[in-house]
Amino acid sequence: YVTQILTILVSKWLSYLNFIIIFIVDPGIANPGPTSVNHKSKDLSVFYQNVQGLIPFGNLSDPNPYLDTNKICELHAYIFKHNPDIIILNETWLKPSILSSEVLPNNYKVHRLDRSPETHPIDPDNPKKFRRNGGGVLIAVNNALSLQSKVISTKCAAELLAIELCLPDKSKIIVTTCYRVGTLGMVNCNEIMQTLSKLSRKKLLRKFLVIGDFNLKGVNWDSGCSFNSIENEFVNGFADLGLLQCINVATHNKGNTLDILLTKSKQYIQNLKVLDTERFCISDHFAITFDITQKVTRKPRVKRICYNYKHASWDDLNRELSDIDWDTLLDYHEPDVAWNNFKQTVFEKIDAYVPKFRIKSEHQPQWFDSECYAKCKEKEKLHKIFKTKKTLASELKFKTARREFKALIKTKMRASLDTEDRNSLTRKFWSHIKTTTKSTRIPEAVSCGGLISSEPTEKANMFNDHFRNQFSEPSSYEIDIIKCNMELTVLF
């Protein structure tokens, strides 16, 4: 009878340990993300939007602001689902204290131009309209592309960023973005047009395109006219450079075409779409997607090694785990040491009895799994229904799905912080210890100065007395600080 009980206990222990092994080693293996994309030669896909700030408006003047997590989460979700080759953002509001790796995934090479006195000087014609904070532009290029990207030094006194894409045949594509505050005058207009003129005359230039928020709200792009003299200067300047405007619909929620796309030939642009409001992230500008007709191959995907649990030798692994003296291995050790001993022993057995295989990595983070992917598709589907029906019920369903999607992403991102490094102490491990031992960080009883108590108030007072005793009494120097400073000033 005792033998049967021991056999049942050992069997349950091994089953539980098998589950822990899979969960610790690769928690995403049972919940993989979307399928990989085709890496053959294809056109360059571009995503653009004036995001109206990636930091909260209330932190705009803070030199060390924190990011708007809602926009960052939706930005990452869009990137991991659609995998655009080039990302262009206007009005980023970023500061030098914010790293590019905090904004975009590491598989993108990010070129930034944050607002500064050099890129946004005071307009002599309208000095009171100067805005020290805000602005900023960004262009990011996917590292998987078989080309080189670099910033072109323009020394332009405007928020204009240009990058050069060097193709394998040594020809070049210049991608430029510009954000122009609508109140700026002729000085700013001349700076922008002179810079665009220089860029358009580059040698070996195959394609040249400009996209950005120029704030030319009074221009009728069908006739190419405006009642504003500065806006007419821009339109005439674009015509002199042979640049054609490709967007003929509203890009702002007030019905204006503020974001424009300029190129010397509209044949270079395919699949141009102005997305609906709130399709990407909350902004008063609509997102824009298009393809540049230039076939570019993708670099071979990096392969990573994963465990193949389908072909694991579970009987041998369980036998080896049963033979381990866990009491000797774990008892009488500090928690950190015991946890490291446990992991080292388990991984040794896993490496011996679980085969490995290589999979092609898409630089997809662990947290963006099939659950996030499905929730993202559900959100986009409900958004389309809301735009078609425009009813209160459909709007409520969309906003609920969007709120749930953001919450899911945040939860997944937090949960993946520890699982990406198998050598770190995971939150899941300590959560399991806390649950099974039913222990908390605050002890049930506290002793101090020979007294023992389990009452919350008395325990708090004991902690206060203990910490207070760690410090000496305050000094009582009778020195006139102001007089002392004056004497030092005279002396030196």
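Predicted model, so just to flag it, every value in this text is computed and none were measured.

**Concerning the overall build of the protein**
Moving on, step 1. Assigned secondary structure in the protein consists of 13 helices and 16 strands.
Moving on, step 2. In the protein, buried positions account for 42% of the 492 residues.
Moving on, step 3. Considering only residue pairs separated by 6 or more positions, the protein has 71% of its internal contacts joining residues 24 or more positions apart.
Moving on, step 4. Approximately 28600 Å² of the protein is accessible, and the part contributed by carbon and sulfur atoms is 54%.

**Details of the packing of aromatic side chains**
Moving on, step 1. Considering all chains together, one arrives at 9 aromatic pairs under this definition.
Moving on, step 2. Pairing Trp326 with Phe342 gives two aromatic rings, centres 5.7 Å apart and planes at 45°, and the pair type is tilted. Note that Trp326 is positioned in helix α7 (residues 326–330) and Phe342 in helix α8 (residues 335–353), a separation of 16 residues in sequence.
Moving on, step 3. Given a relative accessible area of 14%, Trp326 falls into the buried group.
Moving on, step 4. Relative to Phe342, the ring of Trp339 lies with its centre 5.8 Å away and its plane at 20°, an arrangement referred to as stacked. Here Phe342 and Trp339 lie together in helix α8, a separation of 3 residues that amounts to about one turn. Here Trp339 matches Phe342 in class, with each residue buried.
Moving on, step 5. The ring of Tyr268 has Lys207 sitting right over it, with the charged end atom 5.1 Å from the ring centre.

**Let's talk about the pattern of salt bridges**
Moving on, step 1. Scanning the model with the defined rule gives 15 salt bridges in all.
Moving on, step 2. Of the charged contacts in the structure, one is a salt bridge between Lys81 and Glu380, with a shortest N-O distance of 2.8 Å. Here Lys81, found in helix α2 (residues 69–82), pairs with Glu380, found in helix α9 (residues 370–389); they are 299 residues apart in sequence, far enough to count as distant.
Moving on, step 3. The exposure class assigned to Glu380 is buried, which follows from its relative accessible area of 11%.

**Notes on the sheet that holds strand β10 (residues 259–263)**
Consider a sheet: its strands pair through backbone hydrogen bonds, and that pairing is either parallel or antiparallel.
Moving on, step 1. The strand order across the open sheet formed by 6 strands is β5-β6-β7-β8-β10-β9, and the pairing between neighbours is mixed. Of all strands in the sheet, those bounded by a partner on one side alone are β5 (148–151) and β9 (244–245).
Moving on, step 2. In terms of strand pairing, strand β6 (residues 159–166) meets strand β7 (residues 172–179) through 8 bridges, oriented antiparallel. Each bridged residue has a counterpart across the sheet, and for Cys166 the counterpart in β7 is Lys172.
Moving on, step 3. On top of the sheet, helix α4 (residues 186–200) reaches β6, β7 and β8 (205–213); it is set at about 160° to β8, its chief contact.

**Some thoughts on the pairing of strand β4 (residues 137–142)**
Moving on, step 1. Where burial is concerned, most of β4 is hidden: 6 out of the 6 residues are buried.
Moving on, step 2. Inspection of the sheet shows strand β3 (residues 108–113) paired to β4 by 6 bridges, in the antiparallel sense. Pairing of Val110 across the sheet is with Ala140, part of β4.

**Description of the environment of Asp169**
Moving on, step 1. Mapped onto the elements, Asp169 comes out in the loop between β6 and β7.
Moving on, step 2. Sequence separation between Asp169 and Leu147 is 22 residues; the distance between their C-alpha atoms is 9.8 Å.
Moving on, step 3. A polar side-chain atom of Asp169 sits 2.4 Å from a polar atom in the side chain of Arg206.

**Regarding α9**
Moving on, step 1. The end-to-end C-alpha separation of α9 is 28 Å, in line with the 28 Å expected for 20 residues at 1.5 Å each.
Moving on, step 2. Burial in α9 covers these residues: Cys372, Lys375, Cys376, Lys379, Glu380, Leu382, His383 and Phe386. End-on, the buried residues of α9 take up no more than an arc of 165°, which puts them together on one face. Relative to its buried face, α9 has exposed residues pointing more than 90 degrees away, namely Lys381, Lys384, Thr388 and Lys389.
Moving on, step 3. At the exit of α9 stands Lys390, carrying a positive phi of roughly 55°.

**Here we look at the sheet that holds strand β11 (residues 269–274)**
Moving on, step 1. Strand order in this open sheet of 6 strands is β3-β4-β2-β1-β12-β11, and the pairing throughout is mixed. The outermost strands of the open sheet, each flanked by one partner alone, are β3 and β11. With strand direction ignored, the average angle separating the axes of adjacent strands in the sheet is 15°.

**Quick word on the environment of Val187**
Moving on, step 1. Assignment of secondary structure puts Val187 in helix α4.
Moving on, step 2. Residue classification places Val187 among the partly exposed positions, given a relative accessible area of 42%.
Moving on, step 3. Each C-alpha atom of the pair Val187 and Ala158 lies 9.7 Å from the other, and the pair is 29 residues apart in sequence.
Moving on, step 4. Once residues within four sequence positions are removed from consideration, Val187 is found in contact with Pro124 and Asp125.

**Observations regarding the nonpolar core**
Moving on, step 1. Counting residues in each nonpolar core, the largest one holds 29 residues, and the members touching the most others are Leu44, Ile86, Ile88, Leu165, Val175, Leu261 and Phe290.
Moving on, step 2. At the level of elements, β1 (42–50), β2 (86–90), β4, β6, β7, β8 and β12 (288–296) are the ones that each hand at least two residues to this core.
Moving on, step 3. In terms of nonpolar packing, the next biggest core, distinct from the first, is built from 25 residues, Leu160, Ile174, Leu196 and Phe208 among them.

**Digging into the environment of Lys150**
Moving on, step 1. Position of Lys150 relative to the elements: it lies in strand β5.
Moving on, step 2. Judged by its relative accessible area of 46%, Lys150 falls in the partly exposed class.
Moving on, step 3. Residues Lys150 and Glu164 lie 14 residues apart in sequence; the distance between their C-alpha atoms is 5.4 Å.
Moving on, step 4. The residues contacting Lys150, other than those within four sequence positions of it, are His111, Ala162, Ile163 and Glu164.

**Description of unusual backbone geometry**
In terms of backbone geometry, most residues other than glycine have negative phi values and most peptide bonds are trans.
Moving on, step 1. The phi angle at Gln52 is positive, at roughly 55°, despite the residue not being glycine.
Moving on, step 2. One can find Gln52 in the loop between β1 and α2.
Moving on, step 3. Overall, the relative accessible area of 29% leaves Gln52 in the partly exposed class.
Moving on, step 4. Phi angles above zero are rare outside glycine, and Lys155 is one such case at about 50°.
Moving on, step 5. Relative to the helices and strands, Lys155 resides in the loop between β5 and β6.
Moving on, step 6. Taking the relative accessible area as the measure of exposure, Lys155 reaches 80% and is therefore exposed.

Criteria and thresholds
- Numbers given for residues are sequential positions, taken from 1 along each chain in its written order.
- In view of the model being predicted, local features appear only for residues whose pLDDT reaches at least 70, and side-chain atom pairs are presented and counted only at 80 or more, with totals across whole chains, interfaces and linings using the full set of residues.
- Heavy atoms throughout the structure, all of them, feed into the side-chain values; hydrogens and water do not.
- A run of H or I in DSSP becomes a helix once it reaches four residues, and a run of E becomes a strand once it reaches two; helices and strands are each numbered from the N terminus.
- Remark: exposure states derive from per-residue accessible area (1.4 Å probe, protein chains only) relative to the maximum for the residue type, with buried under 20%, exposed over 50%, and partly exposed in between.
- Every residue pair with non-hydrogen atoms within 4.5 Å of one another is taken to be in contact.
- Using the Shrake-Rupley algorithm and a 1.4 Å probe, accessible areas are obtained, with residue cover drawn only from the displayed protein chains.
- A pair of Phe, Tyr and Trp rings is counted when the ring centres sit within 6.5 Å of each other, with Trp represented by its six-membered ring. The angle between the planes then sorts it: under 30 degrees is stacked, over 60 is edge-to-face, the rest tilted.
- Any Lys NZ or Arg CZ found within 6 Å of a ring centre and within 35 degrees of that ring's normal is scored as a charge over the ring.
- By salt bridge we mean one thing: a side-chain nitrogen of Lys or Arg within 4 Å of a carboxyl oxygen of Asp or Glu.
- We treat two strands as partners when DSSP finds at least two bridges between them.
- Axes here refer to lines fitted to C-alpha atoms; in helices the fit is confined to the stretch in contact. Angles between the N-to-C directions go from 0 to 180 degrees.
- Polar contact is the term for a pair of N or O atoms within 3.5 Å; when the atoms are in protein, one must be able to donate a hydrogen and the other to accept it, and sequence-neighboring residues count only if both atoms are side-chain atoms.
- To estimate the expected span of a helix, subtract one from its residue number and multiply by 1.5 Å.
- Within this analysis, the arc is defined by the directions that extend from the helix axis to the C-beta atoms.
- Each nonpolar core is a collection of buried residues, namely Ala, Val, Leu, Ile, Met, Phe, Trp, Tyr and Cys, held together in the definition by side-chain atoms within 4.5 Å.

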